[in-house]
Amino acid sequence: MAALASIPPTERLYLPSLEGNFIYTSTATLLKLTKTFPVDDAELPEAGATLLKVDMVFDKSPFHPQGGGQPTDLGQIRSTSTPSIVFTVDKVSFSFETNVVTHHCSTTSVDVATASPLPAPGAEFSLEVDEEHRKNMSAFHSAGHLVDSAIYSLGYCGLIPQKGYHFTDGPYVEYAGGKSVAEDERKTLVPRLNEKFCQLIADDIPTTICMQQKEEAEADLNRETKVFDFSVFKEAEVRIVGIANFLCPCGGTHVPSTSHLSDFEVTGIKMKKGALRVKYDRKKAQ
């Protein structure tokens, strides 16, 4: 952490507006590069290693880091020098303490066996997000928020979102206060949610994203029910995302409108230790 303390915060290009969600490329200046494998060239096997792993920090980035229930962006980073060095982005992370984005990358473009020089701070790079992967992750995240909207549209205001898992292997949204939904209601909850889900999709409701002062956002979003804990946010401004008119603090990427979620559905519910888990996924091919 100390090594990142002297690095300025990364300009995250997917913030703060909806338009940033559709920025997939940018140029950026390298601020720090750390070799993570092999750390010491003396560790190379006799035949030499072809894979080099590095952590890279830039002044700005279009890459969305893993967090908030959303998987990491993937893609490539290319040096603008000749010959170009191409790095594969394996994972992207973000430090809330320093507001720095770190790109965890690998490459076979550098001959580590002969200690080819690595790019130094100040070098210019082209950052390229895997567009299809980003769009897929955005859709899974937005579909989770659409579950929230459907839940509250059905009047279940006693349910408090406490966890979202927006990965492709079994996505779900989990709510505290699950016991507020009577057992006989739970038996019909999935079809009722899907009916509301489809209605919200058909309404083609635009996604909204804005930055709002934390005190103002807390007053607006928690006016009727104490749903969101704003004490976890350290910055003066909070990013507020609206999916199907359901507003919540969120740092993820999203689709332009609910009509982009027509291939999703609610697949089931589960009660666990008083929490209600609502599962959703893409519709299975018939």
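Please read these numbers as outputs of a predicted model, since none were measured by experiment.

Rules and cut-offs
- Residues numbered from 1 in each chain as written.
- Predicted model: local features only at pLDDT ≥ 70, side-chain atom pairs only at ≥ 80, totals over all residues.
- Heavy atoms only, no water.
- UniProt positions renumbered as here; feature names shortened; annotations may be inferred.
- Helix = DSSP H or I, 4+ residues; strand = E, 2+ residues; numbered from the N terminus.
- Salt bridge = Lys/Arg side-chain N within 4 Å of Asp/Glu carboxyl O.
- Buried < 20%, exposed > 50% of the residue type's maximum accessible area, 1.4 Å probe, protein only.
- Expected span 1.5 Å × (residues − 1).
- Contact = heavy atoms within 4.5 Å.
- Pairing = 2+ DSSP bridges.
- Axes fitted to C-alpha atoms, helices over the stretch in contact; angles between N-to-C directions.
- Parallel < 35°, antiparallel > 145°, perpendicular 65-115°, else oblique.
- Left-handed = near helix turned anticlockwise from the far one by under 90°.

(A) Region of the structure containing the UniProt feature "domain: Threonyl/alanyl tRNA synthetase SAD" (unreviewed entry) in the protein. According to UniProt, the positions carrying the feature "domain: Threonyl/alanyl tRNA synthetase SAD" (unreviewed entry) are residues 238-279. Between the first and last C-alpha atoms of residues 238-279 the distance is 27 Å; the span itself is 0% helix and 57% strand.

(B) Quick peek at the pattern of salt bridges. If you walk through the whole model with that rule in mind, you get seven salt bridges. A salt bridge links R78 to E128; the nearest nitrogen and oxygen atoms lie 3.1 Å apart. Of this pair, R78 sits in strand β5 (residues 75-79) while E128 sits in strand β8 (residues 124-129); the two residues are 50 residues apart in sequence, bridging distant segments of the chain. You can call R78 partly exposed: its relative accessible area is 30%. Residue E131 is joined to K135 by a salt bridge in which the shortest nitrogen-to-oxygen separation is 2.9 Å. Of this pair, E131 and K135 are both found in helix α2 (residues 131-153), four residues apart, which corresponds to roughly one turn of the helix.

(C) A look at helix α4 (residues 189-202). Along its 14 residues, α4 runs 20 Å from first to last C-alpha, staying within 8% of the 20 Å computed at 1.5 Å per residue. The inward-facing, buried residues of α4 abut α2, α3 (183-186), β14 (264-272) and β15 (275-282).

(D) Quick look at the sheet that holds strand β6 (residues 86-95). Strand order in the closed barrel formed by six strands is β2-β3-β7-β6-β5-β8, with antiparallel pairing between adjacent strands. Averaged over all neighbouring strand pairs, the angle between strand axes comes to 45 degrees, with direction disregarded. Direction of pairing for β5 relative to β6: antiparallel, over a ladder of four bridges. When the sheet's bridge partners are listed, G75 is paired in β6 with V89.

(E) Quick look at the packing of α2 against α4. Contact geometry for α2 and α4: axes closest at 9 Å, N-to-C directions at 115 degrees. By the angle between their axes, α2 is roughly perpendicular relative to α4. Crossing of α2 over α4 shows right-handed handedness. Residue-level inspection shows A143, L146, V147, S149, A150, I151 and S153 of α2 in contact with α4, the latter providing L193, K196, F197, L200 and I201.

(F) A look at the pairing of strand β2 (residues 25-37). Note: β2 against β8, five bridges, orientation antiparallel. From the neighbouring strand, S26 faces β8, where its bridge partner is L127. As defined by bridge partners, β2 adjoins strand β3 (residues 52-58) across six bridges and the pair is classed as antiparallel. The residue of β3 that forms the bridge with K35 is V54.

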